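Given next are the chains, with one letter for each unit.
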Amino acid sequence: MTAKDKLFKMAKGFRGRSKNCYRIAKQSVEKALQYAYRDRKQKKRDMRSLWIQRVNAGSKEHGVPYSKLIYGLHNQNVQINRKMLSELAMYEPYSFKALVDQVKWMRGDAAQPAAQQAAQM
């Protein structure tokens, strides 16, 4: 397979002369590869932003701002990332509430969580 064939294979699906005119196809493929490289990085940023929005919404339901929740979890050395917090907030609301209650208790905003009370007995 020649270099031209590889290039035209990559340009398959492009519109107009971008798919069958070598010079234009070469420019279009190069630009497409630049976009692909850039957007692989952008996708990671977008996903992190989405996780933060979900955790923020979940934490506000329980009366704790996102920043206070993350700060409280960090102070308690809870090693859970934003992706997993997002999953907990969406699919395991009781588990997420337990984490929020733990943060509230450590801040002095609420009574001792049920898990702590059971452990002391």
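Use the structure listed above.
Residues numbered from 1 in each chain as written. Predicted model: local features only at pLDDT ≥ 70, side-chain atom pairs only at ≥ 80, totals over all residues. Heavy atoms only, no water.

Observations concerning the layout of surface pockets
For step 1, the next point in the chain: What the largest pocket holds in volume is close to 200 Å³.
For step 2, the next point in the chain: In terms of lining, the largest pocket is formed by Arg48, Trp51, Ile70, Leu73, His74, Asn77, Val78, Gln79, Ile80, Asn81, Arg82 and Leu85.
For step 3, the next point in the chain: Secondary-structure elements contributing two or more residues to the lining of the largest pocket are helix H2 (22-61), helix H3 (66-75) and helix H4 (82-91).
For step 4, the next point in the chain: It is H3 that contributes the most residues to the lining of the largest pocket, three residues altogether.
For step 5, the next point in the chain: Split into classes, the residues belonging to the lining of the largest pocket amount to six nonpolar, four polar and two charged. (1 Å grid on protein atoms, 1.4 Å probe; cavity = no way out; pocket = protein on both sides within 12 Å on 5 of 7 lines; lining within 4 Å. Points joined across faces, edges and corners; volume = space filled by probe spheres on them. Helix = DSSP H or I, 4+ residues; strand = E, 2+ residues; numbered from the N terminus. Nonpolar A, V, L, I, M, F, W, Y, C, P; charged D, E, K, R; others polar.)

Focus: the packing of aromatic side chains
For step 1, the next point in the chain: Scanning the entire structure with this criterion turns up one aromatic pair.
For step 2, the next point in the chain: Between the aromatic rings of Phe8 and Tyr22, the centroid separation amounts to 6.2 Å while the plane-to-plane angle is 75 degrees, which identifies the pairing as edge-to-face. Here Tyr22 lies in helix H2 and Phe8 lies in helix H1 (residues 3-10), a separation of 14 residues in the sequence.
For step 3, the next point in the chain: On the basis of relative accessibility, which here comes to 25%, the residue Phe8 falls in the partly exposed class. (Phe/Tyr/Trp six-rings, centres within 6.5 Å; stacked < 30°, edge-to-face > 60°. Buried < 20%, exposed > 50% of the residue type's maximum accessible area, 1.4 Å probe, protein only.)

Here's the deal with a positive patch on the surface
For step 1, the next point in the chain: Together, Arg40, Lys41, Lys43 and Lys44 line one region of the surface with positive charge.
For step 2, the next point in the chain: With respect to the helices and strands, the residue Lys41 is situated in helix H2. (Patch = residues over 30% accessible without salt bridge, like charges linked within 9 Å, V, L, I, M, F, W, Y side chains within 5 Å. Areas by Shrake-Rupley, 256 points an atom, 1.4 Å probe, with all protein chains shown as cover. Salt bridge = Lys/Arg side-chain N within 4 Å of Asp/Glu carboxyl O. Lys, Arg positive; Asp, Glu negative; His and termini not counted. Charge placed at Lys NZ, Arg CZ, Asp CG, Glu CD.)

Some points on the nonpolar core
For step 1, the next point in the chain: The biggest cluster of nonpolar side chains holds twelve residues, and these are Val55, Val64, Tyr66, Leu69, Ile70, Leu73, Leu85, Leu88, Phe96, Leu99, Val100 and Val103.
For step 2, the next point in the chain: For this core, the elements supplying multiple residues, two or more each, are H3, H4 and helix H5 (93-107).
For step 3, the next point in the chain: Each residue touching Phe96, except ones within four places of it in the same chain, is listed here: Val55, Gly58, Ser59, His62, Leu69, Leu85, Leu88 and Ala89. (Core = buried A, V, L, I, M, F, W, Y, C linked by side-chain atoms within 4.5 Å. Contact = heavy atoms within 4.5 Å.)

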